[in-house]
Amino acid sequence: MIYLRLFFEFLKVGLFTVGGGLASLPFLENMAEATGWFTHRQLADMVAISESTPGPIGINMATYVGYTTLSGATGSILEGILGSVVATLGFIFPSLIIVTIVSKFLKKFSENKYVKGAFYGLRAVSVALICAALVSVVKISLINIPLFEETGAILDLISLPGLILAGAVYFVIKKWNPHPVFILGGSAVVGIALGFFGLF
């Protein structure tokens, strides 16, 4: 049943994600709350790993969740691999079907006013989902709501290391405009160092 649920949950994400992998973040946040398969902190780690590895973020995240959910529950690497395959297939299945159908009819109906209107409407949905993803990333990386709820101290609401790192990255980009590989690599090194010293 867990395989079927993994497939179905990621099928829903793949079906309604319009505008790229980051647009899947609101759906993944909802999945975290509904299933308990991963925490918001793990979601932040998944975003960081998915953004710094080749391939679309949504597929990378589906693979990661499928693997960690099954291998964590059973302790079996083989079942983790099978879980990652099932979750990934669930995520890409709607796209495969929709693209196959659309490719058959798009040329014929591309000038149809209803088709044009539908695509125009999808642009707005895409922008809204990406904005929601931006809010999710800020919430995960710069705001520490669980700690604030625990202590009630207003200063605990802001993640100081995250804020400093974001400011440093912004400064480096503005001043030197380095290649994105160096930004990703440098941020990963700093994140590992902060985690090692228990600061993040």
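Criteria and cut-off values
- Residues numbered from 1 in each chain as written.
- Predicted model: local features only at pLDDT ≥ 70, side-chain atom pairs only at ≥ 80, totals over all residues.
- Heavy atoms only, no water.
- pLDDT = per-residue confidence, 0-100.
- Helix = DSSP H or I, 4+ residues; strand = E, 2+ residues; numbered from the N terminus.
- Core = buried A, V, L, I, M, F, W, Y, C linked by side-chain atoms within 4.5 Å.
- Buried < 20%, exposed > 50% of the residue type's maximum accessible area, 1.4 Å probe, protein only.
- Contact = heavy atoms within 4.5 Å.
- 1 Å grid on protein atoms, 1.4 Å probe; cavity = no way out; pocket = protein on both sides within 12 Å on 5 of 7 lines; lining within 4 Å.
- Points joined across faces, edges and corners; volume = space filled by probe spheres on them.
- Nonpolar A, V, L, I, M, F, W, Y, C, P; charged D, E, K, R; others polar.
- Salt bridge = Lys/Arg side-chain N within 4 Å of Asp/Glu carboxyl O.
- Phe/Tyr/Trp six-rings, centres within 6.5 Å; stacked < 30°, edge-to-face > 60°.
- Axes fitted to C-alpha atoms, helices over the stretch in contact; angles between N-to-C directions.
- Parallel < 35°, antiparallel > 145°, perpendicular 65-115°, else oblique.
- Left-handed = near helix turned anticlockwise from the far one by under 90°.
- Arc of directions from axis to C-beta.

**Thoughts on the confidence of the model for the protein**
Thought 1: Residues at a pLDDT of 70 or more form 96% of the protein, whose mean pLDDT is 82.
Thought 2: Here helix α3 (residues 40-51) stands out as the element of the protein with the lowest mean pLDDT, 78, in contrast to helix α1 (residues 2-16), whose mean of 90 is the highest.

**Looking at the nonpolar core**
Thought 1: Ranked by size, the top nonpolar core spans 23 residues in total, and within it Leu6, Phe10, Leu28, Met31, Phe38, Leu43 and Met61 carry the most contacts.
Thought 2: Put simply, the parts of the chain that give this core at least two residues each are α1, α2 (25-35), α3, α4 (57-74), α5 (77-109) and α6 (113-142).
Thought 3: By residue number, the principal contributor to this core is α4, which donates 5 residues.
Thought 4: Those residues in contact with methionine 31 that lie beyond four places of it in its chain are Glu9, Phe10, Val13, Gly36, Trp37 and Phe38.

**Comments concerning the layout of surface pockets**
Thought 1: In this structure, the largest pocket encloses a volume near 1200 Å³.
Thought 2: Lining the largest pocket are 29 residues; nearest its centre among them are Ala44, Ala48, Ser141, Leu165 and Ser187.
Thought 3: Considering each element in turn, the lining of the largest pocket owes the most residues, 8 residues, to α6.
Thought 4: Split by residue class, the lining of the largest pocket holds 20 nonpolar, 6 polar and 3 charged.
Thought 5: Within this model, the second largest pocket holds a volume of roughly 430 Å³.
Thought 6: Taken together, 13 residues form the lining of the second largest pocket, with Thr17, Val18, Ser95, Ile98 and Val99 sitting closest to its centre.

**Examining unusual backbone geometry**
Thought 1: Of note in the backbone geometry, asparagine 177 takes a positive phi value of approximately 45° without being a glycine.
Thought 2: Tracing the sequence through the fold places asparagine 177 in the loop between α8 (160-176) and α9 (180-196).
Thought 3: Note on asparagine 177: relative accessible area 59%, which makes it exposed.

**Considerations on the pattern of salt bridges**
Thought 1: Across all of its chains, the model carries 2 salt bridges by this definition.
Thought 2: Note that glutamate 9 is salt-bridged to arginine 5, the shortest N-O span being 3.7 Å. With glutamate 9 and arginine 5 both in helix α1, this residue pair falls 4 residues apart, about one helical turn.
Thought 3: When its relative accessible area of 36% is taken as the criterion, arginine 5 is described as partly exposed.

**Points about the packing of aromatic side chains**
Thought 1: The full count for this structure, using the stated rule, is 2 aromatic pairs.
Thought 2: Between phenylalanine 7 and phenylalanine 93, the aromatic rings sit 6.1 Å apart at their centres with planes inclined by 55°, giving tilted as the arrangement. Taken together, the residues span a long stretch of sequence, with phenylalanine 7 in helix α1 and phenylalanine 93 in helix α5 at a distance of 86 residues.
Thought 3: The exposure class assigned to phenylalanine 7 is partly exposed, which follows from its relative accessible area of 25%.
Thought 4: Relative to tryptophan 176, the ring of phenylalanine 171 lies with its centre 6.0 Å away and its plane at 90°, an arrangement referred to as edge-to-face.

**Topic: the packing of α1 against α2**
Thought 1: It is at 10 Å that the axes of α1 and α2 come closest, and there the two elements cross at 155°. Relative to α2, the element α1 lies roughly antiparallel. Considering only the axes of α1 and α2, their crossing is right-handed. Contacts from Arg5, Glu9, Phe10, Val13 and Phe16 in α1 reach Phe27, Leu28, Met31, Ala34 and Thr35 in α2.
Thought 2: Among the residues forming the contact of α1 with α2, the class breakdown is 7 nonpolar, 1 polar and 2 charged.

**Details of α2**
Thought 1: When α2 is considered as a whole, its buried residues turn out to be Leu25, Leu28, Glu29, Met31, Ala32 and Thr35. Summarising the axial view, the buried residues of α2 lie within an arc of 160°, below the 170-degree limit, and thus occupy one face. More than 90 degrees from the buried face of α2, the exposed residues found are Glu33 and Ala34.

**Regarding the packing of α8 against α9**
Thought 1: In the contact formed by α8 and α9, the axes pass within 12 Å of each other and the chain directions differ by 155°. Put simply, α8 runs roughly antiparallel to α9. You can see that α8 and α9 cross each other, and the crossing is right-handed. Judged by residue contacts, Pro161, Leu165, Val169 and Ile173 of α8 engage Ile183, Ser187, Val190 and Leu194 from α9.
Thought 2: A class-by-class count of the residues in the contact of α8 with α9 yields 7 nonpolar, 1 polar and no charged.

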